Amino acid sequence: MKPPLLLVGQGSNDDADSAEFGRFVHRLRCRLDRTAAAVSGGYLERATPLLSESVASLVARGHHRLVALPLSLSRANADLPAAMALEQQRHPTLRYDYGRPVGPDPRVLALLAERLNDAAAEMPRPRPLELVGGRPRLRAVDGAALDGVPAHVEPGETAVVLVGEGSTDPAANADVHRVSRLFWETHAYDLMTVETAFVSLTPPGVPGGLERCRRLGAKRVIVVPYLLFAGGTLERVWAQALAYGAGHPELDIRCAEVIGDCETLADVVIDRYEEALHLVP
């Protein structure tokens, strides 16, 4: 039997994010059940189940070796090694290996491209961005485009703002800039530009990214969240985009969805898990 996969999240007070994390853990459990590998999930802080609870449950079921995989789009959280060392003190028989974070895998970039294309194709004749059913949507209207928003925009007049969560770690923020460049060259090369922005902790924010696109001459800007799951962070991205759009009605601003719980993301995580197993003698 293969050792369990323990997905590790940072944790927050966001119920929506926790619910989607739980659904993704269940998806992986169903997938890896075919290979007799248990799957669990735990948070480093602020949400349940905590990492310590998940590890204790696995050990109680007779598992003494596991693969801890940070469910993250950037580099592994610096708190994870200390947390796992503490678990080893609590459970002296425990042995563990690390899996690589999800990161800018080509399949993740392809998922971002799908979210971008969905947002671009959502409505052919948009009003400026507005809330529809609690989410930012483009509402179709009859007749000509309103408030100076063009009815047709060429790809070369369309820009993207790729929005990361933001960190106090400069290397983590640099990773997001790298993803923006990779995304532009692999999936958005016909567009004007892919700018980088952050939700918090470091500039530029979403308004700053949108403003740069406007000054470059973009007529349409699509905000693409570089986030795994929906929740409060995504709502902050939308809120910042809405606030900026209210002052620039001539600019067609659209918001894409997050990567989300899906089979392709599960494929990436399973590959990271198998890779960790093969690296261990």
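Computed from a prediction, not measured in an experiment: that's the story for all the values here. (Residues numbered from 1 in each chain as written. Predicted model: local features only at pLDDT ≥ 70, side-chain atom pairs only at ≥ 80, totals over all residues. Heavy atoms only, no water.)

(A) Layout of the confidence of the model for the protein. Looking at the protein, pLDDT values average 88 and 88% of them are 70 or higher. Below a pLDDT of 50 lies the segment residues 124-128, which in the model reaches 20 contacts outside its immediate sequence neighbourhood of four places, other chains included. This stretch, residues 138-146, has a pLDDT under 50; its non-local contacts, to residues over four places away or in other chains, come to 26 contacts. (pLDDT = per-residue confidence, 0-100. Contact = heavy atoms within 4.5 Å.)

(B) Broad picture of the pairing of strand β10 (residues 252-255). Across the two faces of β10 the burial is the same, with D252 and R254 and I253 and C255 all buried. Both strand β9 (residues 220-225) and β10 contribute to a ladder of four bridges, which runs parallel. Paired with I222 across the strands is R254, a residue of β10. The handedness of the β9 to β10 crossover, carried by helix α7 (residues 232-246), is right-handed. (Buried < 20%, exposed > 50% of the residue type's maximum accessible area, 1.4 Å probe, protein only. Helix = DSSP H or I, 4+ residues; strand = E, 2+ residues; numbered from the N terminus. Pairing = 2+ DSSP bridges. Right-handed = clockwise from strand over helix to strand, strands pointing away.)

(C) Focus on the environment of T93. On the secondary structure map, T93 appears in the loop between α3 (79-90) and β4 (95-98). Linking T93 and R65, residues 28 residues apart in sequence, is a C-alpha distance of 8.3 Å. Reaching out from T93, the side chain makes a polar contact with the side chain of H64 at a distance of 2.7 Å. (Polar contact = N/O pair within 3.5 Å; in protein donor to acceptor, adjacent residues only side chain to side chain.)

(D) The arrangement of the sheet that holds strand β2 (residues 39-43) in detail. Spatially, the four strands line up as an open sheet ordered β2-β1-β3-β4, and their pairing is parallel. In the strand order of this sheet, the two ends are held by β2 and β4, each with one partner. Pairs of neighbouring strands in the sheet enclose a mean axial angle of 30°, with direction left out of account. Of the pairings in the sheet, the one linking strand β1 (residues 5-9) to β2 comprises five bridges and is parallel in character. Among the inter-strand pairings, V8 is bridged to a residue of β2, identified as G42. Relative to β4, α3 is tilted by about 165°, and along the sheet it contacts β1, β3 (65-70) and β4. (Axes fitted to C-alpha atoms, helices over the stretch in contact; angles between N-to-C directions.)

(E) View of the sheet that holds strand β7 (residues 158-164). The parallel open sheet is built from four strands, whose spatial order is β8-β7-β9-β10. In this open sheet, the two edge strands, each paired with only one partner strand, are β8 (193-198) and β10. In this sheet, neighbouring strand axes are inclined to one another by 25° on average, regardless of whether the strands run parallel or antiparallel. With six bridges joining them, β7 and β9 adopt parallel strand pairing. Note that in β9 the partner of V163 across the bridge is P225. Taken strand by strand, helix α4 (residues 106-120) contacts β7, β9 and β10, and its axis lies near 140° from that of β9. Here α7 sits on the sheet and contacts β7, β8, β9 and β10; the angle it forms with β10, its principal contact strand, is near 175°.

(F) Fine view of the nonpolar core. By size, the foremost hydrophobic cluster in this structure holds 48 residues, and its most contacted members are L5, L7, F24, L28, L71, F183 and V269. Ranked by residue count, the leading element in this core is helix α8 (residues 263-279), at eight residues. Membership of the second largest hydrophobic core comes to 22 residues, among which are V199, C213, V221 and Y244. (Core = buried A, V, L, I, M, F, W, Y, C linked by side-chain atoms within 4.5 Å.)

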